[in-house]
Amino acid sequence: DAGVIQSPRHEVTEMGQEVTLRCKPISGHNSLFWYRQTMMRGLELLIYFNNNVPIDDSGMPEDRFSAKMPNASFSTLKIQPSEPRDSAVYFCASKGRVDQPQHFGDGTRLSIL
Amino acid sequence: DAKTTQPTSMDCAEGRAANLPCNHSTISGNEYVYWYRQIHSQGPQYIIHGLKNNETNEMASLIITEDRKSSTLILPHATLRDTAVYYCIVRVAHGSGNTGKLIFGQGTTLQVKP
């Protein structure tokens, strides 16, 4: 089975530009999580969805960040406008049944110049 | 969710067992112990989890003390590819108003040496 698929793997853009990160969860999983990892703050949960509905977005840093899950097989995390401090690796994870663990994608390495 | 304490770093010789400790003295009765690892430039990878009994799978063994205040992850025969950051996380089970989100600490950097 394919794992969690994230795209792009790397993104370099100038500050002020809109950035869209994409995630395809494992088929059949009904929970999806977005994390951000930096050297200073480690791995932080930004937002998670259950059955395509955002449940907790308390980790989203500010209004420049938004996430959507239009269907069970796709989610996006958007930053508009982007700033240099948004540079990080962004991970998506999905989870199935209550007793199953989260499975992570390989992340998107984002650099804002 | 309960807080965990792990050593910052550890070394292990290739082929030997790697024993990674984790303290979770404030763990509640309904909280599980989860272990993930993160190899450089990859996403975190699930290893194993348990509630109170010891657990074993193809990757590792998890030993939880009887009072549940600490646990040890054992990699029986460490290889160079096991070099990674290992995270110990405690959380309540999915359900009961919790959808299973994980809170990662700083973890233990395990260096397996030839």
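Refer to the structure above for everything that follows.
Right, let's walk through the structure included here.

1. A short note on the interface of chain A and chain B
Accessible area lost upon the coming together of the parts serves often as the stated size of an interface.
Alright, step 1. Contacts between chain A and chain B engage 21 residues on the former and 17 residues on the latter.
Alright, step 2. Carbon and sulfur atoms supply 52% of the area buried between chain A and chain B, which totals about 1600 Å² over both sides.
Alright, step 3. The interface formed by chain A and chain B includes 0 salt bridges.
Alright, step 4. Applying the counting criterion to the chain A and chain B interface returns 2 residue pairs in polar contact (both at pLDDT 80 or more).
Alright, step 5. Counting only elements with at least two residues in the side of chain A that touches chain B, the list comes to β4 (31-38), β5 (42-50) and β9 (88-95) of chain A.
Alright, step 6. Top contributing element to the side of chain A that touches chain B by residue count: β5(A), with 5 residues.

2. Quick look at the sheet that holds strand β3 (residues 19-24) of chain A
All names here are of chain A.
Alright, step 1. The strand order across the open sheet formed by 4 strands is β1-β3-β8-β7, and the pairing between neighbours is antiparallel. Only two strands of the sheet have a single partner each, and these edge strands are β1 (5-7) and β7 (65-71). Mean inter-strand twist for the sheet, computed between neighbouring axes without regard to direction, equals 15°.
Alright, step 2. Relative to strand β8 (residues 74-79), β7 runs antiparallel, the two being bridged by 5 bridges. The residue bridging Asn71 from the neighbouring strand is Phe74, located in β8.

The rules behind each value
- Residues numbered from 1 in each chain as written.
- Chains lettered and ligands numbered in written order.
- Predicted model: local features only at pLDDT ≥ 70, side-chain atom pairs only at ≥ 80, totals over all residues.
- Heavy atoms only, no water.
- Contact = heavy atoms within 4.5 Å.
- Buried area = accessible area lost by both parts, 1.4 Å probe.
- Salt bridge = Lys/Arg side-chain N within 4 Å of Asp/Glu carboxyl O.
- Polar contact = N/O pair within 3.5 Å; in protein donor to acceptor, adjacent residues only side chain to side chain.
- Helix = DSSP H or I, 4+ residues; strand = E, 2+ residues; numbered from the N terminus.
- Pairing = 2+ DSSP bridges.
- Axes fitted to C-alpha atoms, helices over the stretch in contact; angles between N-to-C directions.

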